[in-house]
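Here's the letter readout for the chains.
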Amino acid sequence: MPLRPDDLPRLDLADPRLHAESDLTEVWRYLRDEEPAYWHQEPGRESGYWVITRYADVAGIYRDTVRFTSEHGNVLETLLAGADSAAGKMAAVTDGPHHAELRGLMLKAFTPKALAPIVRSVRRVTGRLVEEAVLRGESDFATDVAARVPLAAICDLLDVPDADRAQILRLTSSALASPDGAPTQTDTWTAKSEILLYFAQLAESRRERPGDDLVSLLVRGRVGGRPLTGEEVVLNCYSLILGGDETTRFSMIGGLRGLIERPQAWAAVKSGRAAIETAVEEVLRWTTPTLHAGRTATQDALIHGSFIEAGDKVTVWNVSANRDERQFPDADVFDPARTPNKHLTFAYGPHFCLGSYLARAEIGAALEALRTMVADGAGEGAGIESAGEPRPVYSNFLSGFSSLPVRLRMDPRYRPGTWAAQSDQA
Ligand code: HEM
């Protein structure tokens, strides 16, 4: 349902149903134009938080980790609770020199060179899944393809044994977002505790038998002149699973949905008029899987005449910044050939997403497999066609679909098995 600026005083931006069931396009546009630093009173409470919606302001806050810290929570849930128990231990909620050192350690596992074998496996797996979906004709792209790529890549990165991967998938989907309604506190809490316990055991086994994976890097690494504690290791493994799985999935799923809804966009990708790397950036901008980020002001600040006091909670809305007409001409148009495209989907500055290269490779592999294997045209009887209503996830942090029924018809020039043969040669 499209909401209007007049609805604003009644909205609760922390309500997961709001983001799943309503279209906030006009509300975000109003805020960007008229109240770019908006005080959002929490319904029924004295407290509230700032809502920042313009591209330039969002980027400025991301960049300034001295005046806007993540250490009291970087998402609404922890920010409103007033604290994050992982602060100072997990990279995303740590600032200053400790963050820089911890990030530097983790970065070693995320360079293009270190990721090369994982990216090769991503391409192979994605191609196989897309080919299976095309051969079947009708499939759920969310569960049959997208759900099986990012988690496998993170598990490769952490060297999680194959036998444990299904359990990890189940836990990650109930920890952040829920396919059929707002997740209960108990579901979320139980899933998070089980993930943490799992990684504690994995870290223990890597201490005894280290390998080349990220868990081993963390257990052997030193930050601030000392080894990481068991808790620091576990929390940083956990942040990869939660930060890198659903986000990337939702981009892949939303990207295909965009191509189905806009035949011109599919034509641009299919014909090669839009390069895959360019289309990936537009999929990332268009889908914006993480709606917002949270910060706490450490000093007084003035933004467009609004006085932000030290201690105030501040939320920056990627979903709005990525549609800011001041930065993106025709911002509401999904254009896979768009350049330049400096979206804020991966944030900006010191906390810029560590997994961006991997996420781009995954989305790129999906687009390339679709381009190679699926026929021209979108709509009834054409290459790509909707086969049912997509099902949104309920979350105030993540945005996307947990189900996308589609019909994919094979490009008559594609020979099944070609992708696998090419991947084996690579
Ligand atoms: C940080 C988004 C994929 C790991 C972030 C941040 C955003 C983000 C917005 C900054 C959070 C903040 O400043 O509070 C995304 C999106 C993805 C994605 C939209 C997919 C489309 C991944 C992947 C991984 C990953 C695949 C790892 C496997 C991380 C880590 C951080 C981070 C470790 C913390 C970096 C730091 O604080 O220095 N991500 N991410 N992300 N992301 Fe991603």
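Remember, predicted model here, so these are calculated numbers, not experimental data. (Residues numbered from 1 in each chain as written. Predicted model: local features only at pLDDT ≥ 70, side-chain atom pairs only at ≥ 80, totals over all residues. Heavy atoms only, no water.)

Peer 1: I'd like to hear about helix α6 (residues 112-136), residue by residue, with values.
Peer 2: Along its 25 residues, α6 runs 34 Å from first to last C-alpha, staying within 8% of the 36 Å computed at 1.5 Å per residue. Its maximal kink placed at Ile118, α6 deviates by approximately 35°. Positive phi appears at Gly137, one or two residues downstream of α6, with a value of about 90°. (Helix = DSSP H or I, 4+ residues; strand = E, 2+ residues; numbered from the N terminus. Expected span 1.5 Å × (residues − 1). Bend = angle between axes of the 7 residues up to and from the residue.)

Peer 1: Can you lay out the sheet that holds strand β11 (residues 384-386) for me, pointing to particular residues and giving the numbers?
Peer 2: Pairing is antiparallel across the open sheet formed by three strands, whose spatial order is β4-β14-β11. Each end of this open sheet is capped by a strand with a single partner; those strands are β4 (138-140) and β11. When strand polarity is set aside, the average angle formed by the axes of neighbouring strands in this sheet is 30°. Here β11 pairs with strand β14 (residues 405-408) via three bridges, running antiparallel. Counterpart to Ile384 in the pairing with β14 is Leu408. (Pairing = 2+ DSSP bridges. Axes fitted to C-alpha atoms, helices over the stretch in contact; angles between N-to-C directions.)

Peer 1: Account for the environment of Ile241, with residues named and values stated.
Peer 2: Secondary-structure assignment places Ile241 in helix α12 (residues 230-244). Residue Ile241 is classed as buried on the basis of its relative accessible area of 1%. The residues contacting Ile241, other than those within four sequence positions of it, are Leu151, Ile154, Leu158, Ile168, Thr172 and Phe199. (Buried < 20%, exposed > 50% of the residue type's maximum accessible area, 1.4 Å probe, protein only. Contact = heavy atoms within 4.5 Å.)

Peer 1: Summarise the coordination of the iron atom of the ligand; cite the residues concerned and give the values.
Peer 2: Around a metal, the idealised angle for a tetrahedral arrangement of four donor atoms is 109.5 degrees; for an octahedral arrangement of six donor atoms it is 90 or 180 degrees. Looking at the iron atom of the ligand, one finds just one donor atom contributed by the protein, Cys353 (SG), at 2.3 Å. Relative to the assigned elements, Cys353 resides in the loop between α16 (318-321) and α17 (356-373). (Donors = N, O, S within 2.8 Å, 3.2 Å for Na, K, Ca; no water.)

Peer 1: An account of the pattern of salt bridges is needed here, citing residue identities and associated values.
Peer 2: Inspection of the entire model under this criterion finds 33 salt bridges. Between Arg45 and Glu42 there is a salt bridge whose closest N-O contact spans 3.5 Å. Glu42 gets classed as buried once you look at its relative accessible area, which sits at 9%. The shortest N-O distance in the salt bridge between Glu325 and Arg326 comes to 4.0 Å. On the basis of relative accessibility, which here comes to 43%, the residue Arg326 falls in the partly exposed class. (Salt bridge = Lys/Arg side-chain N within 4 Å of Asp/Glu carboxyl O.)

Peer 1: Please provide a residue-by-residue account of the packing of aromatic side chains, values included.
Peer 2: Summed over the entire model, instances satisfying the criterion amount to six aromatic pairs. Between Trp39 and Trp50, the ring centres sit 5.1 Å apart and the planes meet at 70°, which makes this aromatic pair edge-to-face. With a gap of 11 residues between them, Trp39 in strand β1 (residues 37-41) and Trp50 in strand β2 (residues 48-52) connect regions that are remote in the sequence. Under the relative-accessibility criterion, Trp39 is labelled partly exposed at 33%. For Trp50, a relative accessible area of 9% translates into the label buried. The cationic tip of Arg285 hangs over the ring face of Phe328; the distance from NZ or CZ to the ring centre is 5.2 Å. Above the ring of Trp286, the side-chain terminus of Arg323 is found at 3.9 Å from the ring centroid. (Phe/Tyr/Trp six-rings, centres within 6.5 Å; stacked < 30°, edge-to-face > 60°. Lys NZ or Arg CZ within 6 Å of the ring centre and 35° of its normal.)

Peer 1: I'd like to hear about the site of the ligand, residue by residue, with values.
Peer 2: In the vicinity of the ligand lie 26 residues, with His99, Arg103, Arg295, His351 and Cys353 positioned nearest. Separating an oxygen atom of the ligand from a side-chain N or O atom of Asn74 is a distance of 3.0 Å. Going through the elements one at a time, α5 (96-107), α12 and α13 (246-261) are the ones with two or more residues in the shell around the ligand. The dominant element in the shell around the ligand, judged by the number of residues it contributes, is α12, at three residues. (Near = heavy atom within 4 Å. Polar contact = N/O pair within 3.5 Å; in protein donor to acceptor, adjacent residues only side chain to side chain.)

Peer 1: So what's going on with the packing of α13 against α17? Which residues, and what values?
Peer 2: Relative orientation and spacing of two packed helices are given, respectively, by the angle between their axes and the distance between those axes. At a closest axis distance of 10 Å, the pairing of α13 and α17 adopts a crossing angle of 30°. Crossing of α13 against α17: the hand is right-handed. Along its contact with α13, which presents Thr248, Ser251, Met252, Leu256 and Leu259, the element α17 presents Ala359, Glu362, Ile363, Ala366, Leu367 and Leu370. (Left-handed = near helix turned anticlockwise from the far one by under 90°.)

Peer 1: With reference to specific residues and values, describe the confidence of the model for the protein.
Peer 2: Detailed reading of predicted coordinates is not advised where the pLDDT is low. Summary statistics for the protein give a mean pLDDT of 95 and a share of 97% for residues scoring 70 or more. This complex was scored by the predictor with a pTM of 0.96 and an ipTM of 1.00. (pLDDT = per-residue confidence, 0-100.)

Peer 1: I'd like a description of the nonpolar core, backed by residues and values.
Peer 2: General note: in soluble globular proteins, nonpolar side chains tend to be found buried as a group. The biggest cluster of nonpolar side chains holds 93 residues, and the ones touching the most others in it are Phe141, Leu158, Phe199, Leu214 and Ile384. A per-element tally of this core places α17 first, with 10 residues. Aside from chain neighbours lying at most four places away, what touches Leu158 is Phe199, Leu202, Arg206, Asp213, Leu214, Val215, Cys237, Leu240 and Ile241. Residues Ala293, Ile308, Ala331 and Ala347 belong to the second largest nonpolar core, which totals 21 residues. (Core = buried A, V, L, I, M, F, W, Y, C linked by side-chain atoms within 4.5 Å.)

Peer 1: Lay out unusual backbone geometry with the relevant residues and their values.
Peer 2: The peptide bond linking Thr339 to Pro340 adopts the cis configuration, its omega dihedral lying at -10°. One can find Pro340 in the loop between α16 and α17. Within the chain, Thr288 stands out as a residue other than glycine whose phi angle is a positive 35°. With respect to the helices and strands, the residue Thr288 is situated in the loop between α15 (276-287) and β7 (292-297).

Peer 1: Residues and numbers for the environment of Thr296, please.
Peer 2: Relative to the helices and strands, Thr296 resides in strand β7. Each C-alpha atom, one on Thr296 and one on Glu71, is 7.8 Å from the other, the two residues being 225 residues apart in sequence. Dropping the residues within four chain positions of it, Thr296 is found in contact with Arg67, Phe68, Thr69, His72, Leu79, Gly311 and Asp312.

Peer 1: Which residues make up the layout of surface pockets, and what values go with them?
Peer 2: Empty space within the second largest pocket amounts to approximately 820 Å³. Secondary-structure elements contributing two or more residues to the lining of the second largest pocket are α1 (16-21), α2 (25-34), α13 and α15. In terms of residue count, the dominant contributor to the lining of the second largest pocket is α13 (five residues). The class makeup of the residues in the lining of the second largest pocket is 12 nonpolar, 10 polar and eight charged. (1 Å grid on protein atoms, 1.4 Å probe; cavity = no way out; pocket = protein on both sides within 12 Å on 5 of 7 lines; lining within 4 Å. Points joined across faces, edges and corners; volume = space filled by probe spheres on them. Nonpolar A, V, L, I, M, F, W, Y, C, P; charged D, E, K, R; others polar.)

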